[in-house]
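Observations on the three-dimensional arrangement
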Amino acid sequence: MGLTDDSMLIEESYCSITGDIFKILPKNKLPFSLFRMNTTNGKFTPASIPGKTILSADKQAIAADCNRGLIFIKFTDINKCRPYFISHIPTVIRDISHSIPDQELAALLLDGLKVNAKKIYTDSVKLYFEDFRQTLIAVGELLHKKPELLWLMHPLLDSNHSLVNKSLSNGIIGASVLLHARDVKPDLQIFLDALFALFLCDIGLSNLPEFVLGKEFCLSLDEQKRIRHHPISSIEILSLTKSLSKNSLRAILEHHERMDGSGYPRGVTNDQLSWLGKLCGAVDSYVAMTMGRPGKKRMPIVKALKILYSEATQYDPNIIYALEKVTYRD
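Conventions and cut-offs
- Residues numbered from 1 in each chain as written.
- Predicted model: local features only at pLDDT ≥ 70, side-chain atom pairs only at ≥ 80, totals over all residues.
- Heavy atoms only, no water.
- Pairing = 2+ DSSP bridges.
- Helix = DSSP H or I, 4+ residues; strand = E, 2+ residues; numbered from the N terminus.
- Axes fitted to C-alpha atoms, helices over the stretch in contact; angles between N-to-C directions.
- Core = buried A, V, L, I, M, F, W, Y, C linked by side-chain atoms within 4.5 Å.
- Buried < 20%, exposed > 50% of the residue type's maximum accessible area, 1.4 Å probe, protein only.
- Contact = heavy atoms within 4.5 Å.
- Expected span 1.5 Å × (residues − 1).
- Polar contact = N/O pair within 3.5 Å; in protein donor to acceptor, adjacent residues only side chain to side chain.
- pLDDT = per-residue confidence, 0-100.
- Salt bridge = Lys/Arg side-chain N within 4 Å of Asp/Glu carboxyl O.

Here's the deal with the sheet that holds strand E1 (residues 14–16)
Strand order across the open sheet formed by four strands is E1-E4-E2-E3, with antiparallel pairing between neighbours. Sheet topology places E1 and strand E3 (44–46) at the edges, where each strand pairs with a single neighbour. Between one strand and the next, the sheet's axes are offset by a mean angle of 40°, whatever the strand orientation. Bridging between strand E2 (residues 35–37) and E3 involves three bridges; their strand directions are antiparallel.

Observations concerning the nonpolar core
Counting residues in hydrophobic clusters, the biggest one holds 96 residues, and the most contacted among them are Ile17, Leu34 and Leu200. With residues up to four places along the chain from it excluded, the contact list for Leu200 reads Ile120, Tyr121, Phe129, Phe132, Ser234, Leu238, Leu244 and Ile252.

Looking at helix H7 (residues 125–145)
Taking 1.5 Å per residue as the helical rise, H7 with its 21 residues ought to reach 30 Å, and the 28 Å between its terminal C-alpha atoms agrees with that figure. Turning to H7, its buried residues are Val125, Phe129, Phe132, Thr135, Leu136, Ala138, Val139, Gly140, Leu142, Leu143 and His144. The elements touched by buried residues of H7 are helix H5 (89–95), helix H6 (102–123), helix H8 (149–153), helix H9 (163–180), helix H10 (188–200) and helix H13 (230–239). Here H7 starts with a cap whose side-chain oxygen sits 3.4 Å from the backbone nitrogen of Lys126, and that cap is Ser124.

Some points on the confidence of the model for the chain
Confidence in the prediction of the chain, expressed as mean pLDDT, is 92, and 93% of residues score 70 or more. Every residue in residues 1–11 is under pLDDT 50, and counting partners more than four places away or in other chains gives four contacts.

Points about the pairing of strand E4 (residues 71–74)
Going residue by residue along E4, you find Ile71 and Ile73 tucked away on one face and Phe72 and Lys74 tucked away on the opposite face as well. In this structure, E1 lies alongside E4, joined through three bridges in antiparallel fashion. From the neighbouring strand, Cys15 faces E4, where its bridge partner is Ile73. In the sheet, E2 pairs with E4 via two bridges, with the strands oriented antiparallel. In the strand pairing of E4, Arg36 is matched with Ile71.

Topic: the pattern of salt bridges
Summed over all chains, the structure comprises 13 salt bridges. The partner of Lys80 in a salt bridge is Asp77, and the shortest N-O contact between them spans 3.2 Å. Overall, the relative accessible area of 9% leaves Asp77 in the buried class. For the salt bridge of Asp111 with Arg82, the shortest nitrogen-to-oxygen distance reads 2.5 Å. Remark: Arg82 occurs in helix H4 (residues 82–85) and Asp111 occurs in helix H6; sequence separation between them is 29 residues. You can call Asp111 partly exposed: its relative accessible area is 27%. Arg82 gets classed as partly exposed once you look at its relative accessible area, which sits at 27%. Residues participating in the shared-partner salt-bridge network are Asp20, Lys23, Arg94 and Asp95.

Given below as structure tokens:
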């Protein structure tokens, strides 16, 4: 088949949508057509007009036909759904992720995580944590089944420092270590516990002013004290949600501890630290070094890894080696 025929085939490919997906889409000025399949001849005819409001009677008919598997969108229009999908990631994963090309799916997952992480890091943990929890569980379950999506997410991570960007980098890079750099794949619950710890270890910093978080040097004694207290603040904030496992909470508390006892907040040593706490600490340090801040360029990957290797009394060398395998790739 020639290129022209292939292009036509792609252009005419359709993806069915469920009633829940239809609910997500705007009914006023939807920028593309929905199509209805004729069960007699298998042909598709428009069920809506781009840019026009879908009237109430049509909404009911389309919703009913969605539940019968008769309403479709063109594959070429899936990317136009992205603005509507990013706030409903669990539904999208459940109902339509199998129809979305992996490159677009990876970008959609990352955008959905960013939207939900921003709500809890900059707005309110109390109001938005449940939405974040459901989103992270849905994404985690999908990544556990399709770990290859992580490679597509790496290049999309934002290296400019913010608590939200750091949260995403911690989570995606840490997930890659767990699924791509170890001999044994962790079971799903262990993986989800790790994701919550990686994404949320810095939530205790969200109460600090942005100008303090952007500082590299010349922190006042009070600022130093508040920053060193943030693992405990994170635990205090997250304990109120009553949603995280003891494994996740322990790793969050430990993510600034070091094997030689030089870390904080408790100064405990290697035999008192969990493996997940060590992983969170290594990933968090790597991400912090490789993110750019005002007045500070991001550190090259090789230099950051060399520093972590050189501090062998603080970090588990096996974890740093696993980190190298997923960050320094040809």
